[in-house]
Amino acid sequence: GILPYASFNVEDFATYLALQDVLANSDAISGPGNNAYLWYDLDSGRFQVLTWDLNLALAGALFGPPGEAAAPTDTGTAQEDGQQAPQDGQPSQEDPQAPQGGLEMMGGRNVLAERFMADETFSQLYEERLAELQAELVDSGAAEEIVARLEDSLLANAGDLVTSDTITSEADAIRTQLG
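The sections below set out a description of the structure shown in this document.

Cut-offs used in this document
- Residues numbered from 1 in each chain as written.
- Predicted model: local features only at pLDDT ≥ 70, side-chain atom pairs only at ≥ 80, totals over all residues.
- Heavy atoms only, no water.
- Helix = DSSP H or I, 4+ residues; strand = E, 2+ residues; numbered from the N terminus.
- Polar contact = N/O pair within 3.5 Å; in protein donor to acceptor, adjacent residues only side chain to side chain.
- Contact = heavy atoms within 4.5 Å.
- Core = buried A, V, L, I, M, F, W, Y, C linked by side-chain atoms within 4.5 Å.
- Buried < 20%, exposed > 50% of the residue type's maximum accessible area, 1.4 Å probe, protein only.
- Pairing = 2+ DSSP bridges.
- Patch = residues over 30% accessible without salt bridge, like charges linked within 9 Å, V, L, I, M, F, W, Y side chains within 5 Å.
- Areas by Shrake-Rupley, 256 points an atom, 1.4 Å probe, with all protein chains shown as cover.
- Salt bridge = Lys/Arg side-chain N within 4 Å of Asp/Glu carboxyl O.
- Expected span 1.5 Å × (residues − 1).
- Phe/Tyr/Trp six-rings, centres within 6.5 Å; stacked < 30°, edge-to-face > 60°.

### Details of the side chain of D27
Here comes step 1: Within the secondary structure layout, D27 lies in the loop between α1 (10-22) and β2 (36-41).
Here comes step 2: Within polar-contact distance, the side chain of D27 engages the side chain of N35 at 2.7 Å.
Here comes step 3: For D27, the contacting residues outside a window of four places in its chain are P32, G33, N35, D53, N55 and L56.

### Some details on the nonpolar core
Here comes step 1: Ranked by size, the top nonpolar core spans 24 residues in total, and within it F13, Y16, L17, I29, V49, F122 and Y126 carry the most contacts.
Here comes step 2: Those elements that provide at least two residues to this core are α1, α3 (111-118), α4 (120-139), α5 (142-157) and α6 (164-178).
Here comes step 3: Among residues more than four places away in sequence, those in contact with Y16 are A28, I29, N35, A36, V49 and T51.

### Details of the sheet that holds strand β3 (residues 46-51)
Here comes step 1: If you trace the three strands from one edge of the open sheet to the other, you get β1-β3-β2, paired in mixed fashion. The open sheet has two free edges, formed respectively by β1 (7-8) and β2, since each of these has just one partner strand.
Here comes step 2: Bridge count between β1 and β3: two bridges; the pairing is parallel. Among the inter-strand pairings, S7 is bridged to a residue of β3, identified as R46.

### Quick look at a nonpolar patch on the surface
Here comes step 1: Where nonpolar side chains cluster on the molecular surface, the patch consists of Y37, W39, L50 and W52 and spans about 400 Å² of accessible area.
Here comes step 2: By relative accessible area, which is 31% here, L50 ends up partly exposed.

### Overview of α1
Here comes step 1: The terminal C-alpha atoms of α1 lie 18 Å apart, and with 13 residues this matches the ideal 18 Å at 1.5 Å per residue to within 8%.
Here comes step 2: Within α1 the residues assigned to the buried category are F13, A14, Y16, L17, A18, Q20, D21 and V22.
Here comes step 3: Against β1, β2, β3, α3 and α4 lie the buried residues of α1.
Here comes step 4: Once α1 ends, the next one or two residues include A24, with phi positive near 50 degrees.

### Focus on the pairing of β3
Here comes step 1: With six bridges joining them, β2 and β3 adopt antiparallel strand pairing. The residue of β3 that forms the bridge with D41 is R46.

### What about the packing of aromatic side chains?
To describe a pair of aromatic rings, one takes the distance between the centres and the angle between the planes.
Here comes step 1: On inspection of all chains with the given rule, the structure shows eight aromatic pairs.
Here comes step 2: Where Y37 meets W52, the ring centres are 5.5 Å apart and the plane angle is 55 degrees; that geometry is what we call tilted. Of this pair, Y37 sits in strand β2 while W52 sits in the loop between β3 and α2 (60-63), and the two are 15 residues apart along the sequence.
Here comes step 3: Their ring planes at 55 degrees and their centres at 4.8 Å tell us that Y40 and F47 sit as a pair that is tilted.
Here comes step 4: A residue is classified by how much of its surface remains accessible, and F47, at 22% relative accessible area, is partly exposed.
Here comes step 5: What links up through ring pairs into an aromatic cluster is the set F8, F13, Y16, F116 and F122.

Below you can see the structure in the form of structure tokens.
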């Protein structure tokens, strides 16, 4: 069959994970809903991850500023008492060094992301993509320009659907989230 010969688009996956981090999307592939699609491209013969359900992207008011969301390297499920549960979900107090918090507090994990992030070469690629996207989108001001354009458009066209105060407040919240 075709599947044994299929490959995975590793470069795009690193970019996907990095973009979800830049967007502080707590509900991506490692979030509580594992919100992504695995798609097989018949033409290239490669699998890739497609983003889906970005409604919690830039939701810093709910989940904290960028960098506080758990990176896709977290494993287990955080317990209310601060103890870490192993991957089988059973409480454990044996590993105080286990990663804590972030997406894990909401029950999210994804074995695909975990296994890729455990690979040193992939993890380095992810970190490179994260730095590139941060510089290209946030540090350059490109994201701020997009927010300003959308805010202006909404202010000009929202009519009675939403108040200008709400539009401005939410645009300001996104600017704050972007840092």
